[in-house]
Each structure stands twice: as structure tokens, then as C-alpha cells.
Amino acid sequence: MTLEFLEIDLLWPHSVPLEDLRSMVLNHLDNYGTPLRWAITEICDEMSNDMSRQLRIEAVVIKNA
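The rules we used
- Residues numbered from 1 in each chain as written.
- Predicted model: local features only at pLDDT ≥ 70, side-chain atom pairs only at ≥ 80, totals over all residues.
- Heavy atoms only, no water.
- Pairing = 2+ DSSP bridges.
- Helix = DSSP H or I, 4+ residues; strand = E, 2+ residues; numbered from the N terminus.
- Buried < 20%, exposed > 50% of the residue type's maximum accessible area, 1.4 Å probe, protein only.
- Polar contact = N/O pair within 3.5 Å; in protein donor to acceptor, adjacent residues only side chain to side chain.

## Here's the deal with the pairing of strand E3 (residues 52-63)
Reasoning step 1: Bridge analysis of strand E1 (residues 2-13) against E3 gives 12 bridges, and the strand direction is antiparallel. From the neighbouring strand, Leu3 faces E3, where its bridge partner is Ile62.
Reasoning step 2: Where strand E2 (residues 34-44) lies against E3, nine bridges are found, and the strand directions are antiparallel. Bridge pairing in E3 places Ile40 opposite Ile57.

Okay, here's the thing in C-alpha cells:
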């Protein structure tokens, strides 16, 4: 078992309400391992289209060896 630090960019579609954001992030982090700690460190709403916003996620995940 190891710990891995991640910095990832994730699109947050306007169709996903704030109430569902936590589960959306956790579902995405599950692709990398079991999330131990995570934080949204940046939100960029200045994308060229109005369909989504970009989030910067920093996380520590547990990876099973």
C-alpha cells in the first residue's frame, strides 16, 4: 500500500448542481485509488464555452500494490 499525491484538472459541467459536486469528485478520484484527503484549490469559470467550469483538485490517494 502506498500514498500518492495528485493534482488533476476536472471539468464541472453546469448541469451538475453544487449538491452533487462532492460525489462527482470522489467518483473521479476512485479511478486513481482510494481518496484519503482532497481539496478543490482552484475554480476557473473563464472557459471558452459556457457548458462547464474547470476545477483544480489536489488529493492524496491510497494505492494498493
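Further notes follow.
## Section: the side chain of Arg53
Reasoning step 1: Examined against the element boundaries, Arg53 turns out to sit in strand E3.
Reasoning step 2: Take Arg53: its relative accessible area is 14%, and that puts it in the buried class.
Reasoning step 3: Among the polar contacts made by the side chain of Arg53, one reaches the main-chain carbonyl oxygen of Pro13 at a distance of 3.4 Å.

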